[in-house]
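Architecture and fold: a report
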Amino acid sequence: MSTSKKTVVADHLREALSRGDFKPGERLPGEEELAEQFGVSRATARLGMRILQDEGVIDIQAGRGAFVADHRPIVHLATPVSGGTDSERFEDGYQPHLREAGYDLIEQQIKVSLDTMRPRVAKRLRWAGEEQGPNGGLVVIRSCDRFVEGGLWQSQVTFFPFTIASNTPLMSPQHLEQGVTSVLRDLGYREEWNWDIVGARMPSQDEADSFNLGPGIPLLVHERVVYDGDRPLRFTETIMPANRHQLLYSGGDAPEELLLMASDVNIFER
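Sequence order sets the numbering: in each chain, residues are counted from 1 along the sequence as written. Whole-chain, interface and lining totals are the exception, using all residues; otherwise, since this is a predicted model, local features are given only for residues with pLDDT of at least 70 and side-chain atom pairs are given and counted only at 80 or more. Hydrogen atoms and water are omitted, and side-chain values are computed over all heavy atoms in the structure.

A closer look at helix α1 (residues 5-19)
Under the 1.5 Å per step criterion, the end-to-end length of α1 is 22 Å for 15 residues, consistent within 8% with the ideal 21 Å. Each residue is placed in one exposure class: buried if its accessible area under a 1.4 Å probe, protein chains only, is under 20% of its type's maximum, exposed if it is over 50%, and partly exposed if it falls in between. In DSSP terms, a helix is any run of H or I states spanning at least four residues, a strand is any run of E spanning at least two, and both are numbered starting from the N terminus. The set of residues buried in α1 consists of Val9, Ala10, Leu13, Ala16 and Leu17. In an axial view of α1, the angular spread of the buried residues amounts to 125 degrees, which keeps them on one side of the axis. Contacts are assigned to residue pairs with any non-hydrogen atoms lying within 4.5 Å of each other. Packing partners of the buried residues in α1 comprise α2 (31-38), α3 (42-54), β1 (58-61) and β2 (65-68). At the exit of α1 stands Gly20, carrying a positive phi of roughly 85 degrees. To estimate how far a helix should extend, the number of its residues minus one is multiplied by 1.5 Å. The arc in question is formed by the directions pointing from the helix axis toward the C-beta atoms.

Right, here's the structure in full:
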């Protein structure tokens, strides 16, 4: 089977990007120049570029042209790491890593609400019904949206059983300087163990708009349930664009320098 002309354009551009002919953020040749280079129509050149856009390799901006995708991913702790901080210690953990990656304007917005235990959350927190009392079916929802250069970068939601979080700092819509783990410890709960699930899915249209995602870029979804013995303390879901994050796992007696070492690794480098 012969290769279509649009695929030929895409393949040549992909090879050029792999060789490093164009740097991240650099503007690519326009449709007219590509059409002349490959002996195709501008429409065919445009279709070839859209193949790479769908792969998340380039970013086509209306009225400006096509640019090489600028992948400067931030490390997301998929498991506890020695020397690291928990997921809500923004100022001394997450924010500095973004600054080291070259981002300047970084902020977060925290909201707290109360809701009934929806089936999906109840499944994670192993809540089985009214046997846990009249408030057992309620959850405190602590959401944290993180913005970089004005755009949504990461969205994290933590669900706490009402019986644990009621009338505690966990219900305050303020930044928790000491982090969730320390707050729970002060309340007499120990985060002894956890399980995590990580998967990828394509965003809904609302999510694509919120994260300002181009075609072909999936979302990473990281779920964590934390226990004190056999009692679930919290269920945290983090949603993040796959081209802006990389997950860090560690095993064994990893050194405290691991987080710094991993921050210097970029999985998009070729």
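What to know about the sheet that holds strand β8 (residues 219-228)
An order of β4-β5-β6-β9-β8-β7 is seen for the six strands of this open sheet, with the pairing classed as antiparallel. If you trace the sheet from one side to the other, it starts and ends with β4 (106-116) and β7 (193-201), each paired once. Recorded for the sheet is a direction-independent mean angle of 15 degrees between the axes of neighbouring strands. Where strand β6 (residues 151-161) lies against strand β9 (residues 231-241), five bridges are found, and the strand directions are antiparallel. Each bridged residue has a counterpart across the sheet, and for Gln156 the counterpart in β9 is Thr238. Paired strands are those between which DSSP finds at least two bridges. To get an axis, a line is fitted to the C-alpha atoms, and for a helix only the part in contact is used. The angle between two axes follows their N-to-C directions and goes from 0 to 180 degrees.

Let's talk about the environment of Leu248
On the secondary structure map, Leu248 appears in strand β10 (residues 245-248). Residue class for Leu248 comes out buried when judged on its relative accessible area of 10%. Spatially, the C-alpha atoms of Leu248 and His76 are 6.0 Å apart, while their sequence positions differ by 172 residues.

Things to note about α3
Taking 1.5 Å per residue, 13 residues should reach 18 Å; α3 reaches 18 Å between its end C-alpha atoms and fits that length. All of the buried residues along α3 are Thr44, Ala45, Gly48, Met49, Leu52 and Gln53. Each element contacted by the buried residues of α3 is listed here: α1, α2, β1 and β2.

Remarks on the environment of Pro29
With respect to the element layout, Pro29 can be found in the loop between α1 and α2. Note on Pro29: relative accessible area 14%, which makes it buried. Residues Pro29 and Gly65, 36 residues apart in the sequence, show an inter-C-alpha distance of 8.3 Å.

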